[in-house]
Amino acid sequence: MKLSRTLSAVASAAVLSTIALTGQATPATAAGSFVVSESQFNQMFPSRNAFYTYQGLVDALSAYPKFTTTGNDATRKREAAAFLANVSHETGGLKYVVEQNTANYSHYCDASQPYGCPAGQAAYYGRGPLQISWNFNYKAAGDALHIDLLHDPYQVERNSAVSWKTALWFWDTQSGAGSMTPHDAIVNNKGFGETIRSINGALECDGKNPDERNDRINLYKKFVGVLGTDVGGGNISC
């Protein structure tokens, strides 16, 4: 996710839980309630970097409780598959924690922002499951998560839960190059293609970079299969 975009800080969503048969709220962080099991996660990412732990992802879920808890069982599984498919594409199957092209690092400081780049000109390179980059994105994500990522963006490559939280921040609160958040695209049955448009649409949608776009789509098809559901409605491509 390398697009230059000014993203607004969004406060963490209010707690939204799935409802157990007893009628009691069961948060997504409760044991066994996340729609992706650890064995399924391992199946999706057999060669992942040890930094990207399943527990780190589970620990991050409390930051955005609507994630994979909205809608019916199929919708919840599709959202998990869509998120993890985009994550897999961005990180080479969760192999890369940081952006590999170090020549780009100094480009991600927008000096026009009033808060500047206090961690340094080259400190805001891509990190984490959705490769968050740019000083204004670190500022917005940090404000929403109540973590000072503007002054210490390195937390995203040192703390697994923080890293996952930055990806969930974008997924649940930002529309990026699209017209809706990726979360809304899935839960409102607009299709996987709208998640691509939000994350990297200016570079991969409307006929551009079909190989990149198709890799995301193929991963989504694979992951919904792992979770025992289908791709759902809406446009799978963009």
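Residues numbered from 1 in each chain as written. Predicted model: local features only at pLDDT ≥ 70, side-chain atom pairs only at ≥ 80, totals over all residues. Heavy atoms only, no water.

S.K.: Just give me the short version of the state of the cysteines, but keep the residues and values in it.
M.R.: In the structure shown here, the tally under the stated rule is two disulfides. Covalent S-S linkage joins Cys 109 and Cys 117, the inter-sulfur distance amounting to 1.9 Å. Where Cys 109 bonds to Cys 117 through sulfur, the torsion about that S-S bond is close to 110°, and the disulfide is right-handed. By relative accessible area, which is 14% here, Cys 109 ends up buried. A sulfur-sulfur separation of 1.9 Å characterises the disulfide bridge that pairs Cys 205 with Cys 238. When the S-S torsion is -85°, as for the bridge of Cys 205 with Cys 238, the disulfide is left-handed. With a gap of 33 residues between them, Cys 205 in the loop between α8 (192-204) and α9 (210-226) and Cys 238 in the segment after α9 connect regions that are remote in the sequence. Across the pair, Cys 238 and Cys 205 agree in class, each one buried. Cysteines bonded in the chain are numbered consecutively along the chain; their disulfide partners then correspond to 1-2, 3-4. (Disulfide = S-S within 2.5 Å. Buried < 20%, exposed > 50% of the residue type's maximum accessible area, 1.4 Å probe, protein only. Helix = DSSP H or I, 4+ residues; strand = E, 2+ residues; numbered from the N terminus.)

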